[in-house]
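Chain by chain, the residues run as shown.
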Amino acid sequence: MTKISWDDKQPFVNEDCIWCSACVAICPDVFDLNDEWKAFAKELGEYDENDVNDAISACPVVAISWKENFLAK
Ligand code: SF4
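Read on for an overview of the structure.

Rules used throughout
- Throughout, a residue's number is its position along its own chain's written sequence, starting from 1.
- A pLDDT threshold of at least 70 governs which residues receive local features in this predicted model, and a stricter bar of 80 or more applies before side-chain atom pairs are shown or counted, although totals over entire chains, interfaces and linings include all residues.
- Secondary structure is summarised from DSSP: a helix means a run of H or I of at least four residues, a strand means a run of E of at least two, and numbering begins at the N terminus for each.
- Only C-alpha atoms enter the radius of gyration, while the globule expectation follows 2.2 Å times N to the 0.38, with N the number of residues.
- Using C-beta atoms placed from the backbone, we call a residue buried if 20 or more other C-beta atoms fall within 10 Å of its own, exposed if 12 or fewer do, and partly exposed for counts in between.
- Only the C-beta atom matters for nearness: placed from the backbone, it must lie within 6 Å of the molecule or strand for the residue to count as near.
- Side-chain classes are defined by residue name, with Ala, Val, Leu, Ile, Met, Phe, Trp, Tyr, Cys and Pro counting as nonpolar, Asp, Glu, Lys and Arg as charged, and the others, Gly among them, as polar.
- Think of a nonpolar core as buried Ala, Val, Leu, Ile, Met, Phe, Trp, Tyr and Cys residues chained together by C-beta atoms that fall within 7 Å.
- Contacts are defined on C-beta atoms placed from the backbone: any two residues whose C-beta positions lie within 7 Å are in contact.

## Points about the overall build of the chain
The number of helices and strands found in the chain is two helices and six strands. Mapped in sequence order, the helices and strands of the chain form the string β-β-α-β-β-β-α-β. For the chain, the C-alpha radius of gyration of 12 Å lies close to 11 Å, the compact-globule estimate for 73 residues. Along the longest, intermediate and shortest principal axes, the C-alpha atoms of the chain span 30 × 25 × 20 Å. Looking at the 73 residues of the chain, the share that counts as buried comes to 21%.

## Observations regarding the site of the ligand
Lining the immediate environment of the ligand, one finds 15 residues, of which Cys-17, Cys-20, Cys-23, Ala-39 and Cys-59 sit closest. Considered class by class, the residues forming the shell around the ligand number 14 nonpolar, one polar and no charged.

## With respect to the nonpolar core
Counting residues in each nonpolar core, the largest one holds 13 residues, and the members touching the most others are Cys-23, Cys-27, Val-30, Phe-31 and Ala-55. Breaking this core down by element, the ones donating at least two residues are β4 (39–41) and α2 (49–58). Setting aside residues no more than four positions away along its own chain, Phe-31 makes contact with Cys-23, Val-24, Ala-39, Ala-41 and Ala-55.

## So, the environment of Glu-68
The topology assignment puts Glu-68 in strand β6 (residues 64–68). Taking the C-beta count within 10 Å as the criterion, Glu-68 has 11 such neighbours and is therefore assigned exposed. Taking the C-alpha atoms as reference points, Glu-68 and Trp-6, separated by 62 residues in sequence, lie 9.1 Å from one another.

## Some details on the environment of Ser-5
In this fold, Ser-5 is placed in strand β1 (residues 3–5). Sequence separation of Ser-5 and Val-24 is 19 residues, and the distance between their C-alpha atoms is 20 Å.

See the structure below:
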């Protein structure tokens, strides 16, 4: 289990999300749904890389990606 620090990169959900909730089912610690019909990634101190990668793979519209945190470097 590899932990990714928020300072390095964070999961990001783009506008293509279709609110299918697959990412929430796979990785509920990280992903949640908002009232604007989109999923979002919670701001956490660290992320389980494998869990997030599983959610990325499961997203039917490829709306999730890792975003490098250039500001913290
Ligand atoms: S799996 Fe993709 S489309 Fe489905 S809720 Fe998550 S981000 Fe949105």
